[in-house]
Amino acid sequence: MALLDRYGRQRWWPGRTPYEISVGAVLTQHTAWVNAARAIAALRTRRLLTPKRVAALPEGELARVIRPAGTYRLKARRLLALTRWLLERYGGKFDRMGEVALPSLRSSLLAIPGLGPETADAILLYAVGRPVFVADVYARRVLARHRLIGPQAAYEEARPWLEAHLPSDPALFNELHALLVAVGKSHCRTVPRCEECPLRWDLRGRRPAT
Ligand code: SF4
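Only a predicted model underlies this, so the values are computations on that prediction, with no experimental measurement involved. (Residues numbered from 1 in each chain as written. Predicted model: local features only at pLDDT ≥ 70, side-chain atom pairs only at ≥ 80, totals over all residues. Heavy atoms only, no water.)

Enquirer: Outline the site of the ligand, supporting the account with residue identities and numerical values.
Expert: Residues in contact with the ligand, as listed here, are Arg145, His146, His187, Cys188, Pro192, Arg193, Cys194, Cys197, Leu199, Arg200, Leu203 and Pro208. Looking at side-chain class alone, the shell around the ligand contains seven nonpolar, two polar and three charged residues. (Near = heavy atom within 4 Å. Nonpolar A, V, L, I, M, F, W, Y, C, P; charged D, E, K, R; others polar.)

Enquirer: Help me get a handle on the environment of Arg11, residues and values and all.
Expert: In this fold, Arg11 is placed in the loop between helix 1 (2–7) and helix 2 (18–27). Between the C-alpha atom of Arg11 and that of Glu175, which follows or precedes it by 164 residues, the distance is 7.2 Å. (Helix = DSSP H or I, 4+ residues; strand = E, 2+ residues; numbered from the N terminus.)

Enquirer: A description of the pattern of salt bridges should follow, citing residues and the corresponding values.
Expert: Inspection of every chain in the model, using the stated rule, returns eight salt bridges. In this structure, Arg9 and Glu175 form a salt bridge, with 3.5 Å as the shortest nitrogen-oxygen distance. With a gap of 166 residues between them, Arg9 in the loop between helix 1 and helix 2 and Glu175 in helix 11 (residues 170–186) connect regions that are remote in the sequence. Here Arg9 falls in the exposed class, since its relative accessible area comes to 53%. Here Glu175 falls in the buried class, since its relative accessible area comes to 12%. (Salt bridge = Lys/Arg side-chain N within 4 Å of Asp/Glu carboxyl O. Buried < 20%, exposed > 50% of the residue type's maximum accessible area, 1.4 Å probe, protein only.)

Enquirer: Could you give an account of the packing of helix 2 against helix 8 (residues 117–128), naming the residues involved and the relevant values?
Expert: Contact pair helix 2 / helix 8: the axes reach a minimum separation of 9 Å and the direction vectors enclose 160°. Taken together, the axes of helix 2 and helix 8 lie roughly antiparallel to each other. For the crossing formed where helix 2 meets helix 8, the hand is right-handed. Listed contacts from helix 8 to Pro18, Ile21, Ser22, Ala25 and Val26 of helix 2 are Thr119, Ala122, Ile123, Tyr126 and Ala127. Here the contact of helix 2 with helix 8 is composed, by residue class, of eight nonpolar, two polar and no charged. (Axes fitted to C-alpha atoms, helices over the stretch in contact; angles between N-to-C directions. Parallel < 35°, antiparallel > 145°, perpendicular 65-115°, else oblique. Left-handed = near helix turned anticlockwise from the far one by under 90°. Contact = heavy atoms within 4.5 Å.)

Okay, here's the thing in structure tokens:
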């Protein structure tokens, strides 16, 4: 595959445990990963990267620790909500989610305050290993420019499209999502740089659609 040849395996998502991956998914909302990583490092330094330890923290103290991630009060509230949900329903064990029907698990995650589809799906795919495609802005931009979805297709239009057109394989979704982010950052930016892009062949001489 052209993307794999160009960028190599991405080995996403960075995180030593499923809980750390989920924490990262919340902390990287509306900020660059580097800021989320600094907040995760602060949690790790204080030995707080377990559901029980985070749940035991007062919200204000958690907010202070994760300050590097930005909008830290909001993210502390969201992280506590996710952590309490995880403890109450699954005893803090991600492997217990493996047997739950995916639609019901996804709905339950989406009901946690502050968890939108992109965050919930990143947790489902990268922390739980379920076949849900994270149809973020990078993925949608590439698909739209290649005329596979409409130019204004929303998240919940692009995600089912991707899931319907790919084998239902979490490892494939994992790698492809990471590679689409890579091409989005390097070439498929606001102004596309098609000349050097590994997906240029797929345009078949046409201009990008948007
Ligand atoms: S070929 Fe152009 S439109 Fe397609 S992914 Fe690359 S930069 Fe984007």
